[in-house]
Amino acid sequence: LPNPYDEPLCNPKYPIESRSFQNTKAYFVVQTYAAARWLNLKANIWYGYFGWRDSGLYNAETNQPTPAYNAYNFARQQMNWVHTANQIGPAPYVSGYELLRNDRKIWVLWYFGGNPVDGTASTAVNLPAMPVVVWRWVDWGSGLPNAGTYQPAATGLSLSIGRAPVFIEFTP
């Protein structure tokens, strides 16, 4: 089965290049593609490469990919060759999926509790083993190097999980 339509639309009252909207699009693409793997869908279609009302993965005005495209590209690389996916919730208000590949186990987690207005809420998640690598989203518009992409981050047996999906890789 395919998921025939999957993209957020920008409310015309707000600036389409807003930091929160572009980052939310990036979070959404990761969450929906992980869910599609869990549901064993054959396709998960993001309608409009260019989109409308800033829903696209590519910005025709700037001739650049959007942060959501960068998130999609990273998620696609991580989720290729997944043979099993399970829904998990390792802490209150934390949702995600465990994706199994021959060479690794990947958790994709995000926090959905707290104050949805400021987007800064997070919670600690205790992990069952030391991860090999943790990939965190660097908020687009933050002014940090590599903003709008996933980058390796510090590992540990307890991680802070926020609104941006985090990829945690373990040995199988």
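Our subject is the structure that appears above.
So, here is what we can say about the structure in this document. (Residues numbered from 1 in each chain as written. Predicted model: local features only at pLDDT ≥ 70, side-chain atom pairs only at ≥ 80, totals over all residues. Heavy atoms only, no water.)

**Section: the overall build of the chain**
Turning to step 1, where the next piece is worked out: Scanning the chain from N- to C-terminus turns up two helices and twelve strands.
Turning to step 2, where the next piece is worked out: By residue count, 45% of the 172 residues in the chain fall in the buried class.
Turning to step 3, where the next piece is worked out: Relative to all contacts within the chain whose residues are 6 or more apart in sequence, the contacts with residues 24 or more apart total 59%.
Turning to step 4, where the next piece is worked out: Summed over its atoms, the accessible surface of the chain is roughly 9100 Å², and 56% of this surface lies on carbon and sulfur atoms. (Helix = DSSP H or I, 4+ residues; strand = E, 2+ residues; numbered from the N terminus. Buried < 20%, exposed > 50% of the residue type's maximum accessible area, 1.4 Å probe, protein only. Contact = heavy atoms within 4.5 Å. Areas by Shrake-Rupley, 256 points an atom, 1.4 Å probe, with all protein chains shown as cover.)

**With respect to the packing of helix H1 (residues 19-38) against helix H2 (residues 67-79)**
Turning to step 1, where the next piece is worked out: Packing of H1 against H2 leaves a shortest axis separation of 8 Å and a crossing angle of 25°. By the angle between their axes, H1 is roughly parallel relative to H2. Crossing of H1 against H2: the hand is right-handed. Residues Gln22, Lys25, Ala26, Val29, Val30, Tyr33, Ala34 and Arg37 of H1 form the contact with H2, whose participating residues are Pro67, Ala68, Ala71, Tyr72, Ala75 and Met79.
Turning to step 2, where the next piece is worked out: Tallied by class, residues from the contact of H1 with H2 come to eleven nonpolar, one polar and two charged. (Axes fitted to C-alpha atoms, helices over the stretch in contact; angles between N-to-C directions. Parallel < 35°, antiparallel > 145°, perpendicular 65-115°, else oblique. Left-handed = near helix turned anticlockwise from the far one by under 90°. Nonpolar A, V, L, I, M, F, W, Y, C, P; charged D, E, K, R; others polar.)

**Remarks on the environment of Gly113**
Turning to step 1, where the next piece is worked out: The topology assignment puts Gly113 in the loop between strand S7 (105-111) and strand S8 (122-126).
Turning to step 2, where the next piece is worked out: Residues Gly113 and Val94 lie 19 residues apart in sequence; the distance between their C-alpha atoms is 7.6 Å.

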